[in-house]
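# Structural overview
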Amino acid sequence: WDNADFSRGVGTTFYQEFSTLNTAKPPFVRDVEAKVRRYLRSSYSAAWTLKITWEKAPVYAAWTDTRKTVTYQAVLTTDGFRSYILMLYQDGGMQWDYTRLTPTNVLIGYT
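Numbers given to residues run from 1 along each chain, matching the order in which its sequence is written. Totals for whole chains, interfaces and linings use every residue, but because this is a predicted model, local features are given only for residues with pLDDT of at least 70 and side-chain atom pairs only at 80 or more, for both listing and counting. Based on all heavy atoms of the structure, the side-chain values leave hydrogens and waters out of the count.

In the nomenclature of an unreviewed UniProt entry, the protein chain corresponds to MUC4 protein from the organism Regulus satrapa.

### Considerations on the packing of aromatic side chains
Let me state the cut-off plainly: Each Phe, Tyr or Trp ring (for Trp, its six-membered ring) is paired with any other whose centre lies within 6.5 Å, and the angle between the two planes then decides the class: stacked below 30 degrees, edge-to-face above 60, tilted in between. Counting from the N terminus, the helices are DSSP H or I runs at least four residues long and the strands are E runs at least two residues long. The buried label goes to any residue with under 20% of its type's maximum accessible area, the exposed label to any with over 50%, and the partly exposed label to all in between, with areas taken from a 1.4 Å probe on protein chains only.
A complete count under the given rule lists four aromatic pairs for this structure. Note on Tyr44 and Tyr84: the rings are 5.3 Å apart at their centroids and 85° apart in plane angle, and the pair reads as edge-to-face. Of this pair, Tyr44 sits in the loop between helix H1 (27–40) and strand S2 (48–58) while Tyr84 is found in strand S4 (residues 83–89), placing the two residues 40 residues apart along the sequence. With relative accessibility at 3%, the residue Tyr44 sits in the buried group.

### With respect to the nonpolar core
Going by this rule: To form a nonpolar core, buried Ala, Val, Leu, Ile, Met, Phe, Trp, Tyr and Cys residues must be joined to one another through side-chain atoms within 4.5 Å.
Counting eight residues, the largest nonpolar core is built from Ala4, Leu50, Ile52, Trp54, Ala57, Val70, Tyr72 and Ala74. Of all the secondary-structure elements, those providing two or more residues to this core are S2 and strand S3 (69–78). With four residues, the top contributor of residues to this core is S2. One finds Val29, Val36, Tyr44 and Ala46 within the second-largest nonpolar core, a separate group that totals five residues.

### Side note on H1
Operational definition: Expected span, for any helix, means 1.5 Å times one less than how many residues it has. Directions are taken from the helix axis to each C-beta atom, and the arc is the one they span. By definition, residues are in contact when any of their heavy atoms lie within 4.5 Å.
An ideal rise of 1.5 Å per residue puts 20 Å on 14 residues; H1 measures up with 20 Å between its terminal C-alpha atoms. Restricting attention to buried positions, one finds in H1 the residues Val29, Val32, Glu33, Lys35 and Val36. Down the axis of H1, the buried side of the element spans an arc of 160°, and every buried residue falls inside it. Elements in contact with the buried residues of H1: strand S1 (12–19), S2, S3 and S4. Trailing H1 by a residue or two, Arg41 shows a phi angle of about 50°, which is positive.

### Regarding the sheet that holds S2
To keep things clear, this is the line we draw: Strand pairing is assigned whenever DSSP identifies at least 2 bridges connecting the two strands. Only C-alpha atoms enter the line fits that serve as axes; for helices the fit covers just the stretch in contact. Angles between N-to-C directions range over 0 to 180 degrees.
With antiparallel pairing, four strands are arranged side by side in an open sheet as S1-S2-S3-S4. Each of the sheet's edge strands pairs with one partner strand only, and the pair in question is S1 and S4. Averaged over all pairs of adjacent strands, the angle between their axes in this sheet comes to 10°, without regard to strand direction. Pairing geometry for S2 and S3, over nine bridges, is antiparallel. What sits directly across from Trp54, in S3, is Tyr72.

### Focus on the environment of Ala34
Positionally, Ala34 belongs in helix H1. Along the chain, Ala34 and Ser45 lie eleven residues apart, while their C-alpha atoms are 9.1 Å from each other.

### Examining the environment of Thr78
What counts here: Pairs of N or O atoms are called polar contacts if they sit within 3.5 Å, as long as, within protein, a hydrogen donor faces a hydrogen acceptor (for residues adjacent in sequence, only side-chain-to-side-chain pairs).
Looking at the element boundaries, Thr78 is found in strand S3. If we ignore the near neighbours within four places in the chain, the residues touching Thr78 are Tyr44, Ala46, Ala47, Trp48 and Ser83. Separated by 3.0 Å, the side chain of Thr78 and the backbone nitrogen of Gly80 make a polar contact.

Structure (structure tokens):
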């Protein structure tokens, strides 16, 4: 994510926190729980969830091209004992031209 560049006033970043311990769970949190259960084949009930969205983020350096933007999210969630992250990308994946980036070891996701 360090290759996003918001310095030209294009794109935005925002977040939403869901504290669901002893409260009713909104549909978004229920969807996250269902994904964790399905992907990991285990029971899971979220106590806290954080959704971070990078919307229409231009690639670094933004002065080269602000037309190709990407929207992606990271969703962090925990039940107090186990923690998970969901990394979600817009349909079609990353739209940045990675061949123009300075680093040669470009990854989508984490290692």
